[in-house]
Amino acid sequence: MILAFGASASKNSINKSFAHYTAKQFEGNELDLIDLLEFSAPLFTVDIEKEIGNPPVVLQLKERIDRADLIIISLAEHNGSYTAWFKNLFDWLSRVDSKFLQDKKVLLLSTSPGGRGAKSVLATALERFPRHGAHILHSFSLPNFKENFDLEHGITDTVLNQEYQEILHAVKANIN
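Cut-offs used in this document
- Residues numbered from 1 in each chain as written.
- Predicted model: local features only at pLDDT ≥ 70, side-chain atom pairs only at ≥ 80, totals over all residues.
- Heavy atoms only, no water.
- Salt bridge = Lys/Arg side-chain N within 4 Å of Asp/Glu carboxyl O.
- Helix = DSSP H or I, 4+ residues; strand = E, 2+ residues; numbered from the N terminus.
- Buried < 20%, exposed > 50% of the residue type's maximum accessible area, 1.4 Å probe, protein only.
- Axes fitted to C-alpha atoms, helices over the stretch in contact; angles between N-to-C directions.
- Parallel < 35°, antiparallel > 145°, perpendicular 65-115°, else oblique.
- Contact = heavy atoms within 4.5 Å.
- Nonpolar A, V, L, I, M, F, W, Y, C, P; charged D, E, K, R; others polar.

A. Structural detail: the pattern of salt bridges. Counted according to the given criterion, the structure contains eight salt bridges. When the shortest N-O distance is used, the salt bridge between Asp 35 and Lys 16 registers 3.0 Å. Residue Asp 35 is found in the loop between β2 (31-33) and α2 (46-52), and its partner Lys 16 is found in helix α1 (residues 14-23); the two are separated by 19 residues along the sequence. In this structure, Arg 64 and Asp 32 form a salt bridge, with 2.6 Å as the shortest nitrogen-oxygen distance. Placement of the pair is Arg 64 in helix α3 (residues 56-67) and Asp 32 in strand β2, with a sequence separation of 32 residues. The same class applies to Arg 64 as to Asp 32, namely buried. Linked by salt bridges that have partners in common, Asp 32, Glu 38 and Arg 64 make up one network.

Right, here's the structure in full:
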């Protein structure tokens, strides 16, 4: 099963669109396409954790992660890092189990409206996720989302699409 989501709480998240589009390229696999808006947890603090324990939505997200054979995450970037919404869920998940991504195969993506394609947050995740057990298969950053992506046709820039297709091919070989 492939779990895919955009690490954003935006209703019209380009990262959610990109993650879900990418998951659909893995034909024949069961997909779990989620919207992080479904997982509203209080702001993590140790005091709140002591008071309420782990929020049920965080445990539900952990269960879905546990069932996944591949996790596709497209990272949104706010001021060079994770969105606050995603970071909060990440913090809660790491309290449930510090290795909450243990042995999970992960494809990390990022995109943005700008020319860097959220490369800063992608670099952070590439360094951080393995500490929580993730096995990063590949990563890909798509710059200038609105100019380079169409939901019907995918990545419209020839060079970027070739790189993306090579990555998809390598990931498919790693999960089948």
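B. Region of interest: the packing of α3 against helix α4 (residues 84-96). Between α3 and α4, the shortest axis-to-axis distance is 10 Å and the interhelical angle comes to 75°. The angle between α3 and α4 places the two elements in the roughly perpendicular class. Taking contact as the criterion, the partners of Val 58, Leu 59, Leu 61, Lys 62 and Ile 65 in α3 are, on α4, Leu 89, Trp 92, Leu 93 and Val 96. Across the contact of α3 with α4, the residue classes tally to eight nonpolar, no polar and one charged.

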